[in-house]
Structure formats: C-alpha cells, structure tokens
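Descriptive structure summary
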Amino acid sequence: MADTFRSTEGLIDALADAEFDRPPALVSNAHITGLGVARALDAHDVPVIALDRAGGDGGADAGTVTHDGLAPPSDAVDFAGAVTYPLDDLDGFREDVEAVVDAAGTEAVAFGCMDEWALSYAEADPDGVRIPFAGSETLDDVLNKSELYATCEALGVPYPETYRLAETAAAATGEPDATVGEAAEALGFPLVVKPELKRDFEEAFGTNVIEVADRGEFADVVAAASDEGIAVMAQKRVDIAAGRDHSLASYVPPSGSGDALAVVGNAAVRYPRNFGTSCLVETADEPAIEERALAVLGDAGYHGISESEFVYDADREEFLLLDVNTRPWKWISMPVAAGANLPMAAYAAVTDATYESDGVEPTRWVYLRDYLSLLAGDDAFWDQLSAADWRRLVSGAFEREGDLTTGVYRPSDPGPAATLFETEFADREYYCSC
C-alpha cells in the first residue's frame, strides 16, 4: 500500500527498488474516480501507480508532498506521487511520466480519470506508456460539442436544441448557426451557454456550463468568452425529469463498438438534487440508450472507456444525448460491481492479460458522503435504501452479498474513507474533483 504521496524524485527513488511482473497502471488523478479504477485493477492483481499534481510544497518527510486525494491511502495503490500538471507544462508532464516509467523498469498503461489527464496522456504520448484509448484527434472530435451534435444530427440521435454563436465564430471549428439575438429569440430564457471544447472554458470561468436568465447576462457571458478566444454555443435549458438521467458506461475495444462491453446506469439521485453529481446510481434496462451511444462512438471511431450522458426531456418525452466523457468517471465502480470491469478490459487490450465478463447483474452504487448529506439536509428527500441495505453497509457484508456497492467507503480498504472522515470533521478543507 502507498501510505505516502511522494514528490516526483521520491517516487522515482521508490520505484527503482520495485519489481513488477506485469505492466503497472498509471492512474491520474488520485481522487474518487482514480480510486475506483485502482480497485478495479487491483481485483485482478494489476499494480497501480497513482499520479497527480502536488497539493503543496512539501510533507513531513523528505521526498513527500502534500496531497488531499483519497486514492493513495488505498490498499489498491502500490505507489503514489506527484508529476507536473499537464495543463501547466505538457513537456514537463511527459518528462516526469517517462522518468517514472524508466524507474519502474517496465512499460506502463495509462488511465486518465479527468479530461485533462486523458487528453494529456494522448497528446504527450510518453515513451514506454501504452494508451488504452483513442488518440488525441479522435478525443477532440468526441469532446467537441459542435462535432458531437453534428454526429447526432446525422445519425438521428436526439440532443438539446443548440446554436453555434456568430460572436465567437473566430474560435469555432464549425460554422455559426445564429447570433446572440437570434439564439435568444429561438430558445427563450433561461438558457444554457456551453463551450465547444470545455478545457479552456473551465480554466477561464471555473465551470463547463453557465445558465443565463436574460439577454444581458447572455451577452456578457458570450462577450467574455469571445475575449478569451473561446467558441461557445447557446443551448435550450432542458426541462429535465428528476431521477431519469441515464448514461451508457462502456469500453469499446479497437475492433469497434460492435464488441463493446456496456452497462446502462440511471442516476436515480443527485446531490444537490436535480443539478448535482450522482450519489445513487443503479443499472437500468434502456436498450435505446445503448444503441444510440454506441452508434455515436462508432461513428467517431472512438475506442476506450467512456460515459455517454443522456437526460430525459419531459417536454419532448425522449432521452437526449448531452455529453460524452472519454474517460472513467465518479461511479465507475458500479459497472465493475455489475460484472463489467471496464478498466480491466481496457488494460487487457494493450497487455498480455486476459479479461472476459461473465455477464451483467443488477447493481446499485452509492456515494455515502453525499447521500447522507442529502438525508440530513433535505426534508423532502426520502431514503431509497432499505433497512437491510443499511445493515449490510454498516457491517461490511455488502462487499460479499447483495446488489449494492459504494464509492470510497469499503471496510476491507479503510484508508480512503478514514481520510474523508478526517477532512469532514477537521479544520482542513478537502477538495475532490473526482
């Protein structure tokens, strides 16, 4: 177990004394999603090296740095340490990763668990690192909302009404559909402003979507995006049916979407409700969602792990494709527990390892930190777990029986949950971007 988060130099020194009987996985970042990936791989005895940016200048011991993530205390992580943050310095990131791989004495397999890490592994293409997902050009095509919605249009996959704006056309990859005034007239208010490519937008605005209430707010956001050289679109604010958001969790191998390993998940509960992140997700039987998502992925030529997000539009009475995340995500442990170990399938595709799913069983995933906060703070919310579920959770029996799994909390791997408790009840803020 990696009980410390090392500096780059400290990690290299530690790896120099290690021996690996198979390529280790490089998992970035080292938070909730990375923890889920690490546990999925560790279940098949794949060694894991968690890589993330440092949280401070130094730790208590020489060779360590501070880090407030949850993956390094996990028994599923063998080594953990800092590398240069790729959005700050892509060449520095490449050099650090190559040094880590060289110290390990074997090639490694990269798992980027946030967009910036996945894209940076693909763009940097470090020597000695096997990439179990499509290259950066394909990733950009899938992540580019203009390209994504054009694909949906061609394939007949429903998506929210969207207009590319003339005011930011200079930075766009596609031709504009409307001016700010025309989009406002067509969509009404409130409406949603989102970027074609969200990395620069997130850096500039701290979010990947902005809801505006009137024409003045709309014009101000678009003008700010134009000043930053970022192409944005106006999108209809969907009257979402709460509890009906669905996603296709999948691994598409290089052979194509016809051979995909996939599970549909329903985000039954979000925290905060309606607009927050998933805190209770369950398997669902929605073949149309699987068919539509795989059609889009296949048309783009994408292979690798992904989450295709759909919302249910109560006005149109149909599911709309909202986004595709070309990487693991927060509830990646749900498909794993259901019988579709997507990280292991990806690892096996680029190594000598083998993996075959025995089939998918109904499964639920809960992130207890948020779920308990919802129970404690929202009088209108009714508990969706049974007394038997709570007994299994408290006793730890859920790890051996039943249809329920968790994010972070596992009695058999207590370090991450203990770290989360420390930040909840101490004067130290914990920030986790998943």
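The following paragraphs examine the structure supplied in this document. Since this is a predicted model, take the numbers as computed values, not measurements. (Residues numbered from 1 in each chain as written. Predicted model: local features only at pLDDT ≥ 70, side-chain atom pairs only at ≥ 80, totals over all residues. Heavy atoms only, no water.)

**So, empty space enclosed by the protein**
With a probe scaled to a water molecule rolled over the atoms, the places where space remains empty come into view. To keep it simple, the criterion reads: A cavity, in this analysis, means grid points on a 1 Å lattice covering only the protein atoms where a 1.4 Å probe fits yet has no way out; a pocket is instead an open set bounded by protein on both sides within 12 Å along at least five of seven lines, and a residue lines either one if it has an atom within 4 Å of a point. Grid points are joined across faces, edges and corners, and a volume is the space filled by probe spheres set on the points. Only DSSP runs of H or I reaching four residues or more are called helices, and only runs of E reaching two or more are called strands; each is numbered from the N terminus.
Throughout the structure, instances matching the rule amount to two cavities of 30 Å³ or more. Space inside the largest cavity adds up to approximately 80 Å³. Taken together, Ala110, Phe111, Gly112, Ala118, Pro132, Phe133, Tyr302, Ile305, Thr326, Arg327, Pro328 and Ala346 form the lining of the largest cavity. For the lining of the largest cavity, the element with the highest residue contribution is strand S4 (residues 108-112), accounting for three residues.

**Considering the side chain of Asp370**
The following threshold applies: Throughout, a residue-residue contact means that at least one pair of heavy atoms, one from each residue, lies within 4.5 Å.
Within the secondary structure, Asp370 sits in helix H13 (residues 368-377). Non-local contacts of Asp370, meaning those with residues more than four positions away in its chain, are made with Tyr271, Thr277, Cys279 and Lys330.

**With respect to the sheet that holds strand S13 (residues 304-313)**
Short version of the rule: For two strands to count as paired, DSSP must find a minimum of two bridges between them. Convention adopted: a line fitted to C-alpha atoms gives each axis, helices being fitted over their contacting stretch, and angles between N-to-C directions are expressed from 0 to 180 degrees.
As summarised here, the arrangement of the seven strands in space is S14-S13-S10-S11-S12-S15-S16, forming an open sheet in which the pairing is mixed. Each end of this open sheet is capped by a strand with a single partner; those strands are strand S14 (318-325) and strand S16 (404-406). Averaged over all pairs of adjacent strands, the angle between strand axes in this sheet comes to 30 degrees, irrespective of strand direction. As defined by bridge partners, strand S10 (residues 245-252) adjoins S13 across seven bridges and the pair is classed as antiparallel. What sits directly across from Ala249, in S13, is Glu307. Set on the sheet, helix H10 (residues 287-300) makes contact with S10, strand S11 (261-271), S13 and S14; between it and S10 the angle comes to about 50 degrees.

**Some points on unusual backbone geometry**
Ser28 connects to Asn29 through a cis peptide bond whose omega is 5 degrees. Relative to the helices and strands, Asn29 resides in the loop between strand S1 (25-28) and helix H2 (32-42). With an omega of -10 degrees, the peptide bond between Tyr271 and Pro272 qualifies as cis. Looking at the element boundaries, Pro272 is found in the loop between S11 and strand S12 (277-283). Despite not being glycine, Glu317 has its phi angle at roughly 55 degrees, a positive value. When you line up the elements, Glu317 lands in the loop between S13 and S14.

**Quick look at the side chain of Ser74**
What counts here: Accessibility here uses a 1.4 Å probe with only protein chains present; expressed as a share of the type maximum, an area under 20% marks a residue as buried, one over 50% as exposed, and anything in between as partly exposed.
Tracing the backbone through its elements, the reader meets Ser74 in the loop between strand S2 (48-52) and strand S3 (79-82). Residue Ser74 is classed as buried on the basis of its relative accessible area, which comes to 0%. Residues within four places of Ser74 in sequence aside, it is in contact with Met1, Ala2, Leu35, Arg39, Asp413 and Pro416.

**Digging into the sheet that holds S2**
Taken in spatial order, the five strands line up as S3-S2-S1-S4-S5 in an open sheet, and their pairing is parallel. The open sheet terminates on both sides in strands that have one partner only, identified here as S3 and strand S5 (129-130). Where S2 meets S3, four bridges bridge the pair, whose relative direction is parallel. Counterpart to Asp52 in the pairing with S3 is Ala82. Here H2 sits on the sheet and contacts S1, S2 and S4; the angle it forms with S1, its principal contact strand, is near 160 degrees.

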